[in-house]
Amino acid sequence: MLHLPNYFNLAQQQELLTIARNIAQLNGGMTTPTMPNGARYNCSQTSCGLVGWLSDRKGYRYSKINPENSQPFAAMPPQLTEIAQKLALLVDEPHYQPETCLINFYAANCKSRLGLHQDNTEQNLKPCIISISLGDDCLFSIGGNNRKDPTTDLILRSGDALILHGDSRLAFHAVKKILPGTSNLLKNNGRLNLTFRQVY
Ligand code: MD6
Ligand code: FE
């Protein structure tokens, strides 16, 4: 795992926020998906790129079509491709293709969290996953490749990048809680997370 605290300065964070908002708007808004067990997520999400990540009663998958508006997802903005490829170089992945970016929004004060999970919906599980945090701090937990492995906690702050690569690519991880009011980046607090993936 590679954690790069404060990788993006404030101006870059603001630009990322504008890009994320634009993607959400192009996609007709963000959605609160359903988990395969029928429970709703307590964060909202959308995607851009060749495909978008979907979760519903049928399971997890990638799709070229956004079920919200029956249109393709917004294209990957060139600035995002550049950012992801530059970060991938840091973990020796010069051929990284960021085919999708999943945008998660955790509203402040609504007990937003994300349970312990492994990112394994991708067809190709080798390329790294790159995560960018914006807005309020979160308590993030990361363990090993088995659900029962011990976990370590870390705080992800606005402007941090985190890369799961190599041995950590399939590590179980969770967002335990959002620490509301720890950042002024978002008008009404809350946290945005962008995760890049090469799916194929
Ligand atoms: C989040 N992130 O930070 C959720 N997954 O809100 C993830 O689930 C994640 O940060 C894979 C790699 C990095 C991540
Ligand atoms: Fe994840």
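Coordinates for the structure precede this section.
My aim in this report is to walk through the structure given alongside it, one point at a time. Just so we're clear, the structure is a prediction, and the values are computed from it rather than from any experiment. (Residues numbered from 1 in each chain as written. Chains lettered and ligands numbered in written order. Predicted model: local features only at pLDDT ≥ 70, side-chain atom pairs only at ≥ 80, totals over all residues. Heavy atoms only, no water.)

A few points about the sheet that holds strand β12 (residues 161-164)
Inference 1: One open sheet accounts for six strands, arranged β1-β12-β9-β14-β7-β2; its pairing is antiparallel. In this open sheet, the two edge strands, each paired with only one partner strand, are β1 (2-4) and β2 (44-49). If you compare each strand with its neighbour and ignore which way they point, the axes differ by 15 degrees on average.
Inference 2: Where β2 lies against strand β7 (residues 100-106), six bridges are found, and the strand directions are antiparallel. Bridge pairing in β7 links Thr46 to Ile103.
Inference 3: Packing against the sheet, helix α2 (residues 78-89) makes contact with β1, β2, β9 (129-135), β12 and β14 (191-197), and its axis sits at approximately 120 degrees to β9. (Pairing = 2+ DSSP bridges. Helix = DSSP H or I, 4+ residues; strand = E, 2+ residues; numbered from the N terminus. Axes fitted to C-alpha atoms, helices over the stretch in contact; angles between N-to-C directions. Contact = heavy atoms within 4.5 Å.)

Structural notes on the coordination of the iron ion (ligand 2)
Inference 1: Note on the iron ion (ligand 2): its protein donors are His117 (NE2), Asp119 (OD) and His173 (NE2). The metal-donor distances range over 2.1 to 2.2 Å.
Inference 2: Summarised as a motif, the one-chain spacing of the donors to the iron ion (ligand 2) is H-x1-D-x53-H. One end of the pair, Asp119, is in the loop between β8 (114-117) and β9; the other, His173, is in strand β13 (residues 173-179), and 54 residues separate them in sequence. (Donors = N, O, S within 2.8 Å, 3.2 Å for Na, K, Ca; no water.)

Structural notes on the site of ligand 1
Inference 1: Near ligand 1 you find 13 residues, and of these Tyr106, His117, Ser131, His173 and Arg191 are the closest.
Inference 2: Within the contact set of ligand 1, an oxygen atom lies 2.5 Å away from a side-chain nitrogen or oxygen of Tyr106.
Inference 3: A distance of 3.1 Å separates an oxygen atom of ligand 1 from a polar atom in the side chain of His117.
Inference 4: At a threshold of 2 Å from the grid points, most atoms of ligand 1 map onto the largest pocket.
Inference 5: For the shell around ligand 1, the secondary structure elements donating two or more residues are β8, β9, β13 and β14.
Inference 6: The biggest single contributor to the shell around ligand 1 is β14, with three residues. (Near = heavy atom within 4 Å. Polar contact = N/O pair within 3.5 Å; in protein donor to acceptor, adjacent residues only side chain to side chain. 1 Å grid on protein atoms, 1.4 Å probe; cavity = no way out; pocket = protein on both sides within 12 Å on 5 of 7 lines; lining within 4 Å. Sits in = over half its atoms within 2 Å of the grid points.)

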